[in-house]
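Here's the letter readout for the chains.
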Amino acid sequence: RTKRQWILCFAWFCTLPICIHAQTISIIPAPVSLKQEIGHFLLTNSTTISIPAKQPELASIAKYFADKVKPATGYTLNTVEAKPANIVLTLNTKPNSRLGQEGYTLHTEAGKVDITANTATGIFYGVQTLLQLLPAEILSASLIQDVEWKAPSVTILDYPRFTWRGQMFDVSRHFFSKEYVKKYIDRMASYKLNRFHWHLTDDNGWRIEIKSLPRLTSVGAWRVPRVGTFGSNDAPKPGEPATYGGYYKQADIKEIVQYAKERYIEVLPEIDVPGHSMAVLASYPELSVTNDTTLKVNPGSSFSTWFGNGKFEMHLDNTLDPTDEKVYQFLDKVFTEVAVLFPFEYIHMGGDECYKGFWERDKNVQAFMKKNNLKNGEELQSYFVKRVGKIIQSKKKKMMGWDEILEGGIAPGAAVMSWRGTKGGIEASHLKHPVVMSPAPVYYLDMYQGERSIEPPVYNSARLKEVYTFDLVPAEMDSAYVLGAQGNLWTEQIPTEPQVEYMTYPRALAMAESFWTPEKQKDWNSFVPRVEYHFKRMDIAQINYAQSIYDAIV
Ligand code: TNX
């Protein structure tokens, strides 16, 4: 051997102990900068958390952390207002401009964790990173005694790429309990996602109590069950009881909004109109274009659902009558209550996939269009959306809608959620309207991601690697108007909680990283082993997932 080889060999031998002792770090989303040092912080029963005096928000973050680690460790961590303490949460008195509104710095070493930020939000994200530095077993719901609760020594500086990092959950096609919605939200927070888009209404069930309109939930929240036949569209048989469904009482909604707030997540409510409204029309038939009193809450899927046989089936459903003042009075009542329940600045009014055949065939609608100089269905829908925009504005909220709201002329100030690819988003950005990117199929969590034969019967695929590597701001876009992006979980084919998780994970991790980590730092080859480690965390946390990393590598 040459002298150089001997030296290299010796150097390798000397660093070996460090390598053996260094814990692997697998943070998702990857932080902007991370430096690992030798050593670790050990969490013990006597670890104390220090928060500044008169900072109730930081006190509740400290409690969040203490509650999180308690089941697995059995420790009851003490919060103190004075230093010295082991874990110190500090708000910068002079803002650090690199950190912005959501960034943080985290430093760990023997006996000490320091988290600083300009805002409580940033502190919360620092705590999430700290939780990810602790062993996977920290997520266990029951006591674990044979693990040392070590977090490797690191220095991290971190902040997000986008302010809107969302996930949409459709609770209309299948209903999910309040407790489960909370779980979904808490898991979002652990990956630094901060917008929970709650798809509360659709053809298959109205899920939010509106006190002034009780039939929406006494009638509209219930349909005939179609258990085991995903996507079945068979009309209800005569006399078949509407027993499947459920809804959230206003008290439940408040509880969930508060729960989300404690996790720095804003809740975006969606009331989908004028299409996707069969649950409304079953409850208040006088709002339909044809005043049809026989309309029922759709039993299976709705306007667009992919079937196992690959067929894309259009449902030519009735809609709200855009020419009827009663409809706007109804919407005023709905948005009055919605605006009070949800503190977020935006309300989503849907606007997608509205079948316009009834409008074309209805004499009154045609006469209305002529009188108002509306040339086609798109212009009539635009008239409708603008009226809804005014109602939403009168409640001191901003309106958001699916990209169909661009058709026939967009309402002033409306934000667009781009779902039919990136086209709508690009157009809206040039019109200087805020945009959230959620293009199908890439960011659609109801597409299959792994081995076809064991996936739910959905029609298209969104592989993990495609999701991870997708460039969510195309070059043609005016990026200044991009608020961020989100994944959408439509649940026509997804009736159970384990299926919800299977479809969500690990793709939500790929999105979380795309929405947070600087684009040029994203690296598929580093992501895959980190996801593999998070599978271990999810096993311990009892979260289901698809093993789609293996499939995607091929
Ligand atoms: C289209 S995305 C829809 C939903 C379906 C979804 C199925 C959008 C605005 N509308 O109603 O659930 O496709 O992937």
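Residues numbered from 1 in each chain as written. Predicted model: local features only at pLDDT ≥ 70, side-chain atom pairs only at ≥ 80, totals over all residues.

The protein chain appears in an unreviewed UniProt entry as beta-N-acetylhexosaminidase from Ohtaekwangia koreensis. Regarding the protein chain, the UniProt comment filed under Sequence similarities (unreviewed entry) reads as follows: "Belongs to the glycosyl hydrolase 20 family." As stated in UniProt under Catalytic activity (unreviewed entry), the record for the protein chain gives "Hydrolysis of terminal non-reducing N-acetyl-D-hexosamine residues in N-acetyl-beta-D-hexosaminides." (UniProt positions renumbered as here; feature names shortened; annotations may be inferred.)

Trainee: Would you mind going over the overall build of the protein chain with me for this structure?
Mentor: Secondary structure summary: the protein chain contains 17 helices and 21 strands in total. On C-alpha atoms alone, the protein chain measures out to a radius of gyration of 25 Å, which is about the 24 Å that the 2.2 N^0.38 rule sets for 554 residues. Its C-alpha atoms give the protein chain principal-axis dimensions of about 90 × 55 × 50 Å. When the 554 residues of the protein chain are sorted by exposure, 49% land in the buried category. (Helix = DSSP H or I, 4+ residues; strand = E, 2+ residues; numbered from the N terminus. Rg over C-alpha atoms; globule rule 2.2 N^0.38 Å. Buried ≥ 20, exposed ≤ 12 C-beta atoms within 10 Å, placed from the backbone.)

Trainee: How do you make sense of the environment of N544 when you look at a structure like this?
Mentor: With respect to the element layout, N544 can be found in the loop between helix 16 (524-541) and helix 17 (548-553). For N544, a count of 16 C-beta atoms within 10 Å gives the class partly exposed. The spatial distance from the C-alpha of N544 to the C-alpha of L483 is 30 Å, given a sequence separation of 61 residues. If we ignore the near neighbours within four places in the chain, the residues touching N544 are P498, E501 and Y502. (Contact = placed C-beta atoms within 7 Å.)

Trainee: I keep staring at the sheet that holds strand 21 (residues 482-489) and nothing clicks. Help me out?
Mentor: What the 8 strands build is a closed barrel, ordered 8-9-14-17-18-19-20-21; its pairing is parallel. Looking at each pair of strands side by side, their axes are set apart by 25° on average, direction ignored. Those strands touched by helix 15 (residues 507-516) are strand 8 (164-170) and strand 21, and its axis lies near 180° from that of strand 21. (Pairing = 2+ DSSP bridges. Axes fitted to C-alpha atoms, helices over the stretch in contact; angles between N-to-C directions.)

Trainee: Sorry if this is basic, but what is going on with the UniProt feature "domain: Beta-hexosaminidase bacterial type N-terminal" (unreviewed entry) in the protein chain here?
Mentor: Those residues carrying the UniProt feature "domain: Beta-hexosaminidase bacterial type N-terminal" (unreviewed entry) are residues 25-159 in this numbering. In this annotation, residues 25-159 is assigned 24% helix and 31% strand; the end-to-end C-alpha distance for the span is 18 Å.

Trainee: Sorry if this is basic, but what is going on with helix 14 (residues 497-504) here?
Mentor: For an α-helix, the turn length of 3.6 residues means that residues three or four places apart are oriented alike. Those residues of helix 14 lying buried are V500, E501, Y502, M503 and T504. Tucked inside the fold, the buried residues of helix 14 contact strand 21 and helix 15.

Trainee: Even after reading the chapter, I still don't get the packing of helix 8 (residues 325-341) against helix 11 (residues 377-394), so can you show me in this structure?
Mentor: Working note: a packed helix pair is described by the angle between its axes plus the distance between those axes. At a minimum axis distance of 10 Å, the contact between helix 8 and helix 11 shows a crossing angle of 35°. The handedness of the crossing between helix 8 and helix 11 is right-handed. Residues Y328, L331, D332 and F335 of helix 8 form the contact with helix 11, whose own contacting residues are R387, V388, I391 and I392. Residues that form the contact of helix 8 with helix 11 fall into these classes: 6 nonpolar, no polar and 2 charged. (Left-handed = near helix turned anticlockwise from the far one by under 90°. Nonpolar A, V, L, I, M, F, W, Y, C, P; charged D, E, K, R; others polar.)

Trainee: Is there a simple way to explain the pairing of strand 7 (residues 150-158) in this structure?
Mentor: Looking along a regular strand, one sees the side chains alternate between the two faces of the sheet. As judged from the 7 bridges shared by strand 1 (residues 33-42) and strand 7, these two strands associate in the antiparallel manner. When the bridges of strand 7 are listed, Q36 appears paired with V154. Of the strand pairs in this sheet, strand 5 (residues 104-109) and strand 7 are connected by 5 bridges, and their pairing is antiparallel. Looking at the pairing, T108 lines up with V154 of strand 7.

Trainee: Explain the domain arrangement of the protein chain to me, please; I cannot follow it from the model alone.
Mentor: Accessible area lost when the parts come together is the quantity often used to give the size of an interface. What the domain assignment reports for the protein chain is domain 1 (21-158) and domain 2 (164-463 + 480-521). Spacing between the C-alpha centres of domain 1 and domain 2 amounts to 37 Å. (Domains from an automatic or database assignment.)

Trainee: Please clarify how the sheet that holds strand 3 (residues 78-80) should be interpreted in this entry.
Mentor: Strand pairing in a sheet is mediated by backbone hydrogen bonds. Such pairs are either parallel or antiparallel. The strand order 1-7-5-6-4-2-3 describes an open sheet built from 7 strands, whose pairing is mixed. Unpaired on one side and paired on the other, strand 1 and strand 3 mark the two borders of the sheet. Neighbour to neighbour, the strand axes of the sheet diverge by 20° on average, direction disregarded. Sheet topology places strand 4 (residues 87-91) next to strand 6 (residues 112-117); 5 bridges connect them, and they run parallel. Opposite I87, over in strand 6, you have V113 as the bridge partner. Taken strand by strand, helix 3 (residues 120-133) contacts strand 4, strand 5, strand 6 and strand 7, and its axis lies near 35° from that of strand 5.

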